[in-house]
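Working through the structure, step by step
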Amino acid sequence: MDPHQRSQDTRRRILEMAVSVREDRSGGHVDYFLALLQDRLPLWLSILHDLTHRIGKGCISDNLLPVARAGIDYYMEVQGAALPAFTSPDVTVRFREALRGAGLGPRTETTPLAAYLAAEQRLGRVRPDADPEASARLLVAGCFHRAYIEMFVGRDAGPSLDDSAREIVRELRLEPVHA
């Protein structure tokens, strides 16, 4: 699917999801979160899907570094809006159901990243014992955690955002060790 169509499809699915998640009144935290998600998620997914253009090119770590940085930025923006939106268990349950119904969720993020890593692994550019799915989940989790720490503890609680992105990618230890 072409990138523009993929972004439009993601936006459409979020809008459909919004109908079942929205609070009974217009406005409010849920609407703000869904609007932010509609704006930011397509760009984040586009960055992940664009990795297919990097297969066999450059250094794996260099290819993943901007992805990790974009992931940290994405989660910093979205998490701040999500917290006040999900103070009601009813809204949280409706969101989960709508997310499933829209075909969105964690695999939406990890699938393109894992596909990239698996393709690089087939080329011998990722260690043969690396698990592309687990590595994709770890990269996303590292981004989420870094954003979470900054949101609650502050920017000076750890390394800079760029250093954090480098640490996340480096510690995946995906590239084969050359003797």
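Residues numbered from 1 in each chain as written. Predicted model: local features only at pLDDT ≥ 70, side-chain atom pairs only at ≥ 80, totals over all residues. Heavy atoms only, no water.

What to know about the overall build of the protein
Worth spelling out the cut-off: We count a stretch as a helix when DSSP gives it H or I for four or more residues in a row; a strand needs E for two or more, and each element gets its number in order from the N terminus. As defined in this context, the radius of gyration uses C-alpha atoms, and a globule is described by 2.2 Å times the residue total to the power 0.38. Per-residue accessibility, obtained with a 1.4 Å probe over protein chains only, is compared with the maximum for each type, and a residue is labelled buried under 20%, exposed over 50%, and partly exposed between these values. Only heavy atoms enter the contact rule, under which two residues are in contact if any of them lie within 4.5 Å. Surface accessibility follows the Shrake-Rupley procedure with a 1.4 Å probe radius. Residue values consider only the protein chains on display as shielding. By the counting rule applied here, Lys and Arg register as positive and Asp and Glu as negative, while His and the ends of each chain are not counted. Note on charges: their place is set at NZ of Lys, CZ of Arg, CG of Asp or CD of Glu.
Check the secondary structure of the protein and you find seven helices and zero strands. Taking 2.2 N^0.38 as the reference for a compact globule, 179 residues should give roughly 16 Å; the C-alpha atoms of the protein span a radius of gyration of 17 Å, in line with that estimate. With the C-alpha coordinates aligned to their principal axes, the bounding extent of the protein is approximately 65 × 40 × 25 Å. In the protein, buried positions account for 44% of the 179 residues. Sequence-distant contacts in the protein: of pairs separated by 6 or more residues, those separated by 24 or more amount to 75%. Within the structure as shown, the protein displays about 9700 Å² of accessible surface, and the carbon and sulfur contribution to it stands at 56%. The averaged location of the 25 negative side-chain charges in the protein is 2 Å from the averaged location of its 23 positive side-chain charges.

Examining the confidence of the model for the protein
Test applied: Residue-level confidence of the predictor is what pLDDT reports, using numbers from 0 through 100.
Of the residues in the protein, 92% reach a pLDDT of 70 or more, and the chain-wide mean stands at 87. Mean pLDDT across the elements of the protein bottoms out in helix α1 (residues 3–21) (72) and peaks in helix α7 (residues 161–172) (96).

A short note on the packing of aromatic side chains
As a reminder, the rule being used: Aromatic pairing here means that ring centres of Phe, Tyr or Trp (its six-membered ring) are within 6.5 Å. Orientation follows from the plane angle: under 30 degrees is stacked, over 60 is edge-to-face, and everything else is tilted.
Counted according to the given criterion, the structure contains five aromatic pairs. Considering the side-chain rings of W44 and Y75, the 6.3 Å spacing of their centres and the 70° angle between planes classify their relative orientation as edge-to-face. On the criterion of sequence distance, the pair formed by W44 in helix α2 (residues 28–49) and Y75 in helix α3 (residues 60–85) is long-range, its members being 31 residues apart. We note that W44, like Y75, is buried. A centroid spacing of 5.0 Å and a plane angle of 70° characterise the contact between Y74 and Y75, whose relative ring orientation is edge-to-face.

Details of helix α5 (residues 106–122)
Definition in use: Helix span, expected: 1.5 Å multiplied by one less than the number of residues in the helix.
With 17 residues, α5 extends 24 Å from end C-alpha to end C-alpha; this agrees with the ideal 24 Å at 1.5 Å per step. With 12 of 17 residues buried, α5 is to be regarded as a mostly interior element. Along α5, the residues classified as buried are T108, E109, T110, P112, L113, A114, Y116, L117, A118, A119, E120 and Q121. Looking at the buried side of α5, the elements it contacts are α2, α3 and α6 (132–153).

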